[in-house]
Amino acid sequence: MKKFIEKELARLEASGLRRTLRDIDGPQGSSVIVNGKRMILLCSNDYLGLANHPLVKQAAIDAVSEYGFGAGASRLVSGNMEAHRMLEYRIARFKSTESALVFNSGYHANLGCITAIAGRDTAIFSDRLNHASIVDACLLSRAEVKRYPNRDVDSLERLLKKTRLKKRLIVTDGVFSMDGTIAPLPDIISLLERYNATLFIDDAHATGVLGASGRGTLEHFNISHQNIIQMGTLGKAFGAFGAFIAGDSDLIELLINKARPFIYTTALPPSVCAAASKAIDLVDSDPGLLMRLKERRKQLHDGLSGCGLDTMGSATPIIPILLKDARKTVEASCALMERGVFIQAIRPPTVPDGTSRLRATVTAGHSATEIDTVISAIKKVLSA
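The structure presented is a predicted model; accordingly, all values stated were derived computationally and were not measured.

A. Main features of the pattern of salt bridges. Under the defined criterion, the tally for this structure stands at 13 salt bridges. Close ionic contact of E8 with R11 constitutes a salt bridge, the shortest N to O distance being 2.6 Å. One end of the pair is E8 and the other is R11, both in helix 1 (residues 2–14) and three residues apart, which spans about a single turn. Here D179 and R357 are joined by a salt bridge, their closest N and O atoms 2.8 Å apart. Of this pair, D179 sits in the loop between strand 6 (167–173) and helix 8 (185–194) while R357 sits in strand 13 (residues 356–361), placing them 178 residues apart in sequence. Per residue, the accessibility class of D179 equals that of R357, and both read buried. Overlapping salt bridges bring together R90, R215, D281 and D284 as one network.

B. Examining the nonpolar core more closely. Membership of the largest hydrophobic core comes to 36 residues, with the highest contact counts inside it found for L48, L50, L87, I91, L234, F238 and L293. Elements with a minimum of two residues in this core: helix 2 (54–67), helix 4 (82–95), strand 3 (99–103), strand 9 (243–247), helix 12 (270–285) and helix 13 (288–306).

C. How the structure looks around the packing of aromatic side chains. The final tally for this structure, using the stated rule, is two aromatic pairs. The interplanar angle of 75° and the centroid separation of 5.6 Å between the aromatic rings of F94 and F238 together place this pair among those described as edge-to-face. Taken together, the positions of F94 in helix 4 and F238 in the loop between strand 8 (228–233) and strand 9 put the pair 144 residues apart, joining distant regions of the chain. With a relative accessible area of 2%, F94 lands in the buried category. Relative to F262, the ring of F103 has its centre 6.0 Å away and its plane inclined at 65°; by these criteria the two rings are edge-to-face. Of this pair, F103 sits in strand 3 while F262 sits in helix 11 (residues 260–263); the two residues are 159 residues apart in sequence, bridging distant segments of the chain.

D. Local environment of the sheet that holds strand 11 (residues 341–342). What the three strands build is an open sheet, ordered 1-2-11; its pairing is mixed. The open sheet has two edge strands with one neighbour each: strand 1 (31–34) and strand 11. Summarising the sheet, strand 2 (residues 37–41) and strand 11 pair through two bridges and their orientation is parallel. The residue of strand 11 that forms the bridge with L41 is F342.

Rules behind the numbers
- Residues numbered from 1 in each chain as written.
- Predicted model: local features only at pLDDT ≥ 70, side-chain atom pairs only at ≥ 80, totals over all residues.
- Heavy atoms only, no water.
- Salt bridge = Lys/Arg side-chain N within 4 Å of Asp/Glu carboxyl O.
- Helix = DSSP H or I, 4+ residues; strand = E, 2+ residues; numbered from the N terminus.
- Buried < 20%, exposed > 50% of the residue type's maximum accessible area, 1.4 Å probe, protein only.
- Core = buried A, V, L, I, M, F, W, Y, C linked by side-chain atoms within 4.5 Å.
- Phe/Tyr/Trp six-rings, centres within 6.5 Å; stacked < 30°, edge-to-face > 60°.
- Pairing = 2+ DSSP bridges.

What follows is the structure, encoded as structure tokens:
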């Protein structure tokens, strides 16, 4: 095994695909300290700048004082704490669903829900660019899995027509995390009744970001439909940690009984739940958060597109810069760090071969001056 590991690491190094952890100091924000140098941070999913918000931090501190830190065990074993119940109530209101269930991560939520509702009697239709957690969940469900080209609804419909299984689940990211593009939900919704299907939306990168009040892709498109299950995360726009499934009360009851990552995992610390609840309150009470995010997103996108860079059709605060070659992308990321800008190089297997890119993410916490600095640095590095 040791020889295999050494050989595999050497292969990754030679192909420009070996990854390393980069240490930072200080909290998540518009800038962080890397190797003693302050850099503008454009690779965090803290879209609304809430991870270091004083009210979010205070909510966590107060909860530690009231509930202690750990939850002790899974909620089915050691009890259903108030902080978890309040967060789920808050999420259901935010997502306009009957109920919600909190999981420890988006990976847990996707794995738990998809494997609980799908099995050998189910046909799953999954977008090819769906998150890795969806891919794994589909495989573990033992369902018949059909993958369709990214956002290609015509191909999706052809696959739906061919299946003989009556239980059908369409699964898609709401926002594709490496491209910044949005799933064509109105067209997908039109297929649900026609083919007696249910839609599962991974809204991790849309919750708190899209829609007039940050409710996600359904609000963005003004969609309401009974055959939709929503997943969202608490560790991105809400600056906390964990995830959830939102849907009708029967679905949530089923997940409590069948979702293995929920049943067999110690629950989130109540302080994390309290912080997430406060973050949702802030999104509801401060529309300026979304407004600033949209302004900064437009500023960076227009600046990059204006100098001829390929942003891959991004329509969200995730703005990729397609460079194709993995080594070139890593070199560009390093050169930007020398100029005080921290943007990660994204390479295979996270993205397909030949599509390596810099992945910039804008937050409401960035200033207009910081975004101007970023645009200037990218122009200099990529024109060199």
